[in-house]
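# Coordinate analysis (summary)
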Amino acid sequence: MNSVFEPLLAALSGPVDERFHRGKDYRAEADQLRDVFLKEGSVSSVLNLGCGTGRHLELLAAAGYDVVGVERSPELASRARVRLAGFPSRAAVVEADLFELTMDRTFDAVIMMFAMLGHQVTNHRVRSTLDALRRQVGHGGLVVFDVLDAAQVLASPPVNGVLSFTSGDREVLIAHTTVVNVAAQVIELCLRTWELPGGGPVEQTYTIRYFAQRELALVLQVAGLELVGSAPLAASRLVWARRI
């Protein structure tokens, strides 16, 4: 599979994510987040919107940060709480939708990983998501997220294939097809999943937006955020901005 499409599969919610993405380097990603925090200012508290099972949070908590995760899936939120149980004084998980989230505090930094912004395809949804991030940081606070980079997407041919992994006593097969819709500025990803023996196929289609650098600067400015920097992150691009 072409690496540009790996963040798309990693971003899909569901109980198979971690089993499917054994090669995802969470430690390297957490280290890169810490580098941004250290470079851009004093960060001691971190809110992770869409935290999944808490892999990034666990590494940040182990590094000494006070962390809170927000996850709308009850199953993933429960797994994140188990993962963070070793840090009772500085880690918590809230089960909530990020658009409905109300917190009684702000944070030094808010992160949103797994290319989640790209799943908000329309301009309105992108703006609403950035507003949700901005609300959780104080003035001068950091907002950090990753996106699919337009230059990389357009330079990479779509890839179709079949991937497999084991889950207990079953084998899971995932056939994927990708189409880059340049006019709509999205990738259309279709997954067909079989659990062998006997299960499937289950078909799911996802539409994910990719972003250009100048576009990001504009949409961030409209949302009251100033683009500070960006850098490659695995097959996506890490972006960080400051609340104006």
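Below: a short report on this structure. Within any chain, residue numbers begin from 1 and follow the written order of that chain's sequence. Only residues with pLDDT of 70 or above have their local features reported here, since the model is predicted, and side-chain atom pairs are shown and tallied only from 80 upward, although totals for entire chains, interfaces and linings are computed over all residues. Side-chain descriptors were evaluated using all non-hydrogen atoms of the structure, hydrogens and water having been removed beforehand.

This paragraph deals with the overall build of the chain. Secondary structure summary: the chain contains eight helices and eleven strands in total. In this description the radius of gyration comes from C-alpha coordinates, and the expected globular size is given by 2.2 Å times residues to the power 0.38. Here the C-alpha radius of gyration of the chain, 18 Å, is about what a compact globule of 244 residues would show, namely 18 Å. If you line up the chain on its principal axes, its C-alpha atoms span 50 × 45 × 30 Å. Pairs of residues are marked as contacts when any of their non-hydrogen atoms sit within 4.5 Å. Counting contacts in the chain only where the partners sit at least 6 residues apart, residues at least 24 apart contribute 60% of the total. About 11300 Å² of surface is accessible on the chain, with carbon and sulfur atoms providing 50% of the total. Across the chain, 24 positive and 27 negative side-chain charges occur, with their mean positions spaced 3 Å apart. The way it works is that DSSP assigns letters per residue, a run of H or I at least four long becomes a helix, a run of E at least two long becomes a strand, and they are numbered from the N terminus. We get accessible surface area from the Shrake-Rupley algorithm with a probe of 1.4 Å; when it comes to residues, only the shown protein chains can shield them. Charged residues are defined narrowly, with Lys and Arg counted positive, Asp and Glu counted negative, and His plus the chain ends left uncounted. For this purpose, a charge sits on NZ of Lys, CZ of Arg, CG of Asp or CD of Glu.

The next subject is the nonpolar core. Grouping buried Ala, Val, Leu, Ile, Met, Phe, Trp, Tyr and Cys residues that are joined through side-chain atoms within 4.5 Å yields what is termed a nonpolar core. Accessibility here uses a 1.4 Å probe with only protein chains present; expressed as a share of the type maximum, an area under 20% marks a residue as buried, one over 50% as exposed, and anything in between as partly exposed. Phe 37, Val 144 and Phe 145 are the most contacted members of the largest nonpolar core, which totals 57 residues. In terms of residues, this core owes the most to one element, strand β5 (residues 137–147), which gives six residues. The contacts of Phe 145, once residues within four sequence positions are left out, are Met 112, Leu 117, Leu 130, Leu 133, Leu 216, Leu 220, Arg 237, Leu 238 and Val 239. Counting residues in each nonpolar core, the second largest holds twelve residues, with Ala 150, Val 153, Phe 165 and Leu 189 among its members.

Structurally, the position occupied by Ala 92 is in strand β3 (residues 91–95). Exposure remark for Ala 92: the relative accessible area of 35% places this residue in the partly exposed category. Here the alpha-carbon distance between Ala 92 and Leu 191, two residues 99 residues apart in the chain, equals 33 Å. Ignoring sequence-local partners within four residues, the contact set of Ala 92 consists of Val 67, Val 68 and Gly 69.

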